[in-house]
Amino acid sequence: METENLRTVFINELMIMAEDDKRIAVLDPDVGSATHTWDFGQKYPKQFYELGIAEQNTYGVAAGLAAAGCKVVAATFAVFASMRAAEMVRTSICYPKLNVKVIGGYAGLSNGKDGATHQSVEDVAIMRSFPNMTILVPSDIVTTKKIAHVALEYEGPVYIRMEYEDLPAVYDENMDFRIGKGYRVREGKDCTVVSYGTALHRALQAVEVLSREGISLEVIDMPSLKPFDEDLLVESVRKTGALITIEDHNIIGGLASIASEYLFKNGVLAGFKPLAIKDIFTESGKTTELRDKYGIGTKDIIEAARELKSRGEKR
Amino acid sequence: MNNSSSLTFLKRKANELRLAVVDMIFRSDISSGHFGGSMSAAEIVTVLYWHQMKVDPAKPCWENRDRLVLSKGHSVPVVYAALAHKGYFSKDILKTYREKDSILQGHPDCRKTPGLDVSSGSLGQGLSVALGMALGARHFGKDYHVYALLSDGETEEGMVWEAAMAAAHYKVDNLTAIIDYNNLQVDGSPKDIMNIEPLEDKFRAFGWGCLTTDGHDIESIIAAFKLRESHKGPFAIICKTVKGKGVSYMENSIEWHCTAIDDAGYKQAYEELKAKI
């Protein structure tokens, strides 16, 4: 299957849009070779601002450029965007609702080798607590393209969380991508698996294995974490009676928290297995090895589904 | 208006703004607010709004307007006073400062107050936002100027120097920082809390033009802006001021950074300021 790195897909779309849209301004705090914003800078030097190793200033400048009328895309690693620049994003960008797209690259464990300092497992918790912030997370080539367009068309702050991985397309190019909408990627009846980002691909691998055991998984992708498709979650979990959430994020404040909040609010009680980093600092290693180690790999989904199924049968 | 009557007008206006600051805080529901840094910046703000900045109160979002980034956001009472006196909104609204449902928040909210260009108040962020606006002018081929008003203590924030470095790197001619050097931060004088000197040298070392002037002398402030015009690249004007300027018991007093005022205090402040108008 043809794969492509999500950052390449995103920057290519941005370059296509910038051809006709001089309002687009891309900011880089010296990670352009990693985020691939350098490619943009080579092609559109007048729309590219290198700001050096200074994330706080980068997001402050982003606010000013947006206030002056630019559609700003400021890209760095998720860990720095969400923490080093957190207050600038909150007060200078979200508070006045400025048109800045904050790109959090190498999110989750996708920067495996660099270890805990560069792995971002808190960013969703932080970013979703900022009023006026929208959070979008691409899960494949198609959603990456769609998010590039939808985010740039939307007037206001957006946090785009990206795991920089080579992935195939899951969706059809003609999908109707909308902010606030979730997608049922596989229909099933025994257990709902909800994911965002690259975890979708692990969920789909689990579907194959479990179907051979007679366990039917329903897979839901939530590329819009905020606003969140509450209706789809509630409808699916009411149907299956069991939920697995899977994410490259701490168990505190990410999808496990979001799903719990909405299910409880809607009075839905179900078997629940939240697969996430268990509130510890992670370590260096290959991304796939780390996901297995921290219980967020494909095998963990399979085991969780088996357990939920057996619990359901006992009931 | 000839030059001397213009100066008389500006001097008078600065004290009118001071009186409006004391008045708005006293008349607000808990009679409490940021006096010290508002009073110290009165001449600076007066020169900006009545002499220097190209603005139109009838069109607060006019694209080509000059911008003021009030990085020392707590001093917003003097800017509210200026905006009301310029006609951005009614002077009656001033007394709602820091009250529930008011358009006049405790720190600037540009989505609520007509005439404010930026939401600010967390010290250290404004110079970066101002730089972004200055680059934005260049991005769209416009020639407006961006002024950032900082406090002296604020330069202790590291982000200020990230912005200073980047502004020099981008050689922005349309960015001017003004430092309201009133020599008092919340806990005391910068020389005791965290020495910021030599401030002029620091800006120069970062690639800025810089001069120091008397921040209560209208002619000196105007002259500083005039001199700035001949300088290429970013420029900082350090304005030596007195915190609480204009009301004897507030001057150089750490207690009057942000506090409540009672009837007797208001009466004295009113009389002292009225005598200057």
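That block above? That's the structure.
Residues numbered from 1 in each chain as written. Chains lettered and ligands numbered in written order. Predicted model: local features only at pLDDT ≥ 70, side-chain atom pairs only at ≥ 80, totals over all residues.

A few words on the sheet that holds strand β4 (residues 71–77) of chain A. Backbone hydrogen bonds hold the strands of a sheet together, and the pairing may be parallel or antiparallel. Residue and element names in this part refer to chain A. If you walk across this open sheet you meet the 7 strands as β3-β2-β4-β5-β7-β6-β12, and the pairing is mixed. Here the strands that pair on one side only, and so sit at the sheet edges, are β3 (48–50) and β12 (224–226). In this sheet, adjacent strand axes meet at a mean angle of 20 degrees when their direction is disregarded. Bridging between strand β5 (residues 100–105) and strand β7 (residues 158–161) involves 4 bridges; their strand directions are parallel. Of the residues in β7, the one forming a bridge with G104 is R161. (Pairing = 2+ DSSP bridges. Helix = DSSP H or I, 4+ residues; strand = E, 2+ residues; numbered from the N terminus. Axes fitted to C-alpha atoms, helices over the stretch in contact; angles between N-to-C directions.)

It is worth spelling out the nonpolar core at this point. Membership of the largest hydrophobic core comes to 188 residues, with the highest contact counts inside it found for A62(A), A305(A) and L131(B). Per-element accounting of this core gives the leading share, 10 residues, to helix α1 (residues 3–27) of chain B. Setting aside residues no more than four positions away along its own chain, A62(A) makes contact with L27(A), V72(A), A74(A), I93(A), V100(A) and G132(B). (Core = buried A, V, L, I, M, F, W, Y, C linked by C-beta atoms within 7 Å. Buried ≥ 20, exposed ≤ 12 C-beta atoms within 10 Å, placed from the backbone. Contact = placed C-beta atoms within 7 Å.)

To continue, consider the interface of chain B and chain A. Counting residues at the interface gives 22 residues for chain B and 24 residues for chain A. Secondary-structure elements contributing two or more residues to the side of chain B that touches chain A are α5 (126–139) and α6 (158–169) of chain B. Take the side of chain B that touches chain A: its biggest share by element is 10 residues, from α5(B). Looking at the side of chain B that touches chain A residue by residue, the classes come out as 12 nonpolar, 7 polar and 3 charged. (Nonpolar A, V, L, I, M, F, W, Y, C, P; charged D, E, K, R; others polar.)

This part takes up the packing of helix α4 (residues 55–67) of chain A against α6(B). Interaxial distance between α4(A) and α6(B) falls to 8 Å at its minimum, and their mutual angle equals 70 degrees. Relative to α6(B), α4(A) is oriented roughly perpendicular. In the crossing of α4(A) with α6(B), the sense of the turn from one axis to the other is right-handed. Counted together, Q56(A), N57(A), G60(A) and V61(A) of α4(A) and M159(B), E162(B), A163(B) and A166(B) of α6(B) form the full contact between these two elements. (Parallel < 35°, antiparallel > 145°, perpendicular 65-115°, else oblique. Left-handed = near helix turned anticlockwise from the far one by under 90°.)

Residues and elements named next belong to chain B. Helix length check: α5, at 14 residues, gives a terminal C-alpha distance of 19 Å against a target of 20 Å (1.5 Å per residue), a fit within 8%. Among the 14 residues in α5, 12 count as buried, and that is most of the element. Along α5, the positions that sit buried rather than exposed are G126, L127, S128, V129, A130, L131, G132, M133, A134, L135, G136 and A137. Note on α5: the residue one or two positions beyond its end, G141, has a positive phi of about 65 degrees. (Expected span 1.5 Å × (residues − 1).)

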